[in-house]
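Listed below, chain by chain, are the residues.
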Amino acid sequence: MRVLGIETSCDETAASVVALEGDAAPKILSNIVLSQIEEHAAFGGVVPEIAARAHVEALDGIVEAALADSGVALADIDAIAATAGPGLVGGLIVGLMTAKAIAAAAGKPLIAVNHLEGHALTARLTDSLEFPYLLLLVSGGHTQILAVRGVGDYQRWATTIDDALGEAFDKTAKMLGLPYPGGPNVEKAALSGNASRFAFPRPMKGSAQSDFSFSGLKTAVRQAATAIEPLSDQDVADICASFQAAVADALADRVSRALARFRKTFPGTKNPALVVAGGVAANRAIKATLERLCTENGFTFVAPPLKLCTDNAAMIAWAGIERLREGMAQENGFDFVPRSRW
Ligand code: KG4
Ligand code: ZN
């Protein structure tokens, strides 16, 4: 099985070819990701209209390059899979319509893929993970814990009631005058900071509810930052370190609840695993916290390579293969329209 995947739901234009032959491990034959970061940097965040136009300009060439890199001719591709939601609707329209056009012209099936399903199934592409497992998705747009039970069989156990975690990093960076995207810059500044200088809140910690919340933490950061005028580099570093410590602590509380719930829900699971995905999974302090938590609770910690944790089209092609294999390719086909809040 060879599937061409297309991803355009946010600010990455991506195309990839993934192959699965017999019992062998799946192979990523090509994986091209064009980031639009520079086009949005001046605005401090992704501008939907700019993103959609940039996708239109780039996608043809990216698809062509992904096919050329893979060494597979379009005629030998079994299906075209494209992200159909959730995401920015302009980008979704560009990606899905391009995929439909290619599929129609080449006489191939079209598989509309949910972006979150792409993230959820990536650990089966990289680590051949068996169902069920737990997924922590922490990106600029999503903060969720999912119980992944099978292809198309997901239970959302937690979500954010306000900001996504990556968004909290980006807003914190903006308040402190650090460049976009904020996450990597906050992490870098935190390295030389004192994490105990500011006692920031740990939102939801100890709550019987399972959800996340980050807006209170953001407000606390703003209050700390505006109380000091002007901010020195050391002040910025201390705020970043204290913010990151609060985030790690809050995450650990929420995730440990989910690990316990997983044990209760799936008592027969031999090797329970926690998978992380999303750009925030790049953060070393957060990764270390999650790794420790897994060790303490007898879970395997799975962190796919960063390139496959952040937005990419290999995960979309792979989700297409999983759906083809399960006979689910017809479920969301040519009639499917982009759904920004899918
Ligand atoms: O998954 P991703 O590349 O794109 C989507 O949002 O879908 O995630 C981007 C988010 C941004 O908010 C960025 O600031 C955050 O991930 N991020 C980080 C780090 N690297 C990226 N947050 C914390 N620490 C990092 N090292
Ligand atoms: Zn994503």
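Residues numbered from 1 in each chain as written. Chains lettered and ligands numbered in written order. Predicted model: local features only at pLDDT ≥ 70, side-chain atom pairs only at ≥ 80, totals over all residues.

With that settled, consider the domain arrangement of the protein. What the domain assignment reports for the protein is domain 1 (2-126 + 308-325) and domain 2 (133-303). When each unit is reduced to the centre of its C-alpha atoms, the spacing between domain 1 and domain 2 is 27 Å. Facing the 14 residues of domain 1 at the interface are 20 residues of domain 2. Elements supplying a minimum of two residues to the side of domain 1 that touches domain 2: α1 (37-41), α4 (115-126) and α11 (314-325). Considering each element in turn, the side of domain 1 that touches domain 2 owes the most residues, 5 residues, to α4. In terms of residue class, the side of domain 1 that touches domain 2 is built from 7 nonpolar, 5 polar and 2 charged. (Domains from an automatic or database assignment. Contact = placed C-beta atoms within 7 Å. Helix = DSSP H or I, 4+ residues; strand = E, 2+ residues; numbered from the N terminus. Nonpolar A, V, L, I, M, F, W, Y, C, P; charged D, E, K, R; others polar.)

An α-helical turn contains 3.6 residues, so any two residues separated by three or four positions project in the same direction. The end-to-end C-alpha distance of helix α3 (residues 89-106), which contains 18 residues, comes to 25 Å, matching closely the 26 Å that a straight helix rising 1.5 Å per residue would cover. Within α3, the full set of buried residues consists of Gly90, Gly91, Leu92, Val94, Gly95, Leu96, Thr98, Ala99, Ile102 and Ala103. At its buried positions, α3 is contacted by β1 (2-7), α2 (48-70), β4 (79-85) and β5 (110-114). Note on α3: the residue one or two positions beyond its end, Gly107, has a positive phi of about 70 degrees. (Expected span 1.5 Å × (residues − 1). Buried ≥ 20, exposed ≤ 12 C-beta atoms within 10 Å, placed from the backbone.)

One open sheet accounts for 5 strands, arranged β8-β7-β6-β9-β10; its pairing is mixed. Each edge of the sheet is formed by a strand with only one pairing partner; in this case those strands are β8 (153-159) and β10 (300-302). On average, adjacent strands in this sheet sit at an angle of 25 degrees to one another, irrespective of strand direction. Packing against the sheet, helix α8 (residues 233-265) makes contact with β6 (133-138), β7 (143-150), β8 and β9 (273-277), and its axis sits at approximately 145 degrees to β8. (Pairing = 2+ DSSP bridges. Axes fitted to C-alpha atoms, helices over the stretch in contact; angles between N-to-C directions.)

This part is about the nonpolar core. Core analysis: the biggest nonpolar cluster contains 108 residues, and Ile80, Ala81, Ala82, Leu134, Leu135, Val275 and Ala317 have the highest contact counts within it. When residues of this core are assigned to their parent elements, the largest contribution, 15 residues, is made by α8. Setting aside residues no more than four positions away along its own chain, Ile80 makes contact with Leu4, Ala99, Ile102, Ala103, Lys108 and Leu110. (Core = buried A, V, L, I, M, F, W, Y, C linked by C-beta atoms within 7 Å.)

The subject of this paragraph is the environment of Gly333. The residue Gly333 is located in the segment after α11 in this model. Judged by the 14 C-beta atoms lying within 10 Å of it, Gly333 is partly exposed.

Here we come to the UniProt feature "binding site: substrate" (unreviewed entry) in the protein. Taken from the UniProt record, the annotation "binding site: substrate" (unreviewed entry) applies to Leu137, Val138, Ser139, Gly140, Gly141, Asp170, Gly183, Glu187 and Asn283. Within the element layout of this structure, Gly183 appears in helix α6 (residues 182-190). With near-sequence residues (within four places) excluded, Gly183 lies in contact with Gly166, Phe169, Asp170, Gly279, Val280 and Asn283. Setting aside residues no more than four positions away along its own chain, Asn283 makes contact with Gly183 and Glu187. (UniProt positions renumbered as here; feature names shortened; annotations may be inferred.)

Turning our eyes to something else, we now look at helix α9 (residues 284-297). Compared with an ideal rise of 1.5 Å per residue, which puts 14 residues at 20 Å, α9 spans 20 Å between its outermost C-alpha atoms and is within 8% of the ideal. Of all the positions in α9, only Ile286, Leu290 and Cys294 are classed as buried. Seen end-on, α9 carries its buried residues on one side only, within an arc spanning 70 degrees. In α9, those exposed residues whose orientation departs by more than 90 degrees from the buried face are Arg284, Ala288, Thr295 and Glu296. Contact partners of the buried residues in α9: α8, β9 and β10. At the C-terminal side of α9, Gly298 shows a positive phi close to 70 degrees. (Arc of directions from axis to C-beta.)

Spatial strand order, β3-β2-β1-β4-β5: 5 strands in an open sheet with mixed pairing. The outermost strands of the open sheet, each flanked by one partner alone, are β3 (27-35) and β5. On average, each strand axis in the sheet is inclined to that of its neighbour by 20 degrees, with strand direction left out of account. As paired strands, β1 and strand β2 (residues 12-19) are joined by 6 bridges and run antiparallel to one another. The residue of β2 that forms the bridge with Val3 is Val18. Where α2 meets the sheet, it contacts β1, β2 and β3, and its direction lies at approximately 25 degrees from that of β2. This element, α4, spans β4 and β5 of the sheet and lies at about 80 degrees to β5.

A few words on the site of ligand 1. Gly140, Gly166, Gly183, Gly279 and Asn283 are the nearest of the 19 residues found near ligand 1. For the shell around ligand 1, the element with the most residues is α6, which contributes 4 residues. Each residue belonging to the shell around ligand 1 can be placed in one class, and the counts come to 6 nonpolar, 10 polar and 3 charged. Lining the shell around ligand 1 are residues from two domains, each supplying at least three of them: domain 1 (2-126 + 308-325) and domain 2 (133-303). (Near = placed C-beta within 6 Å.)

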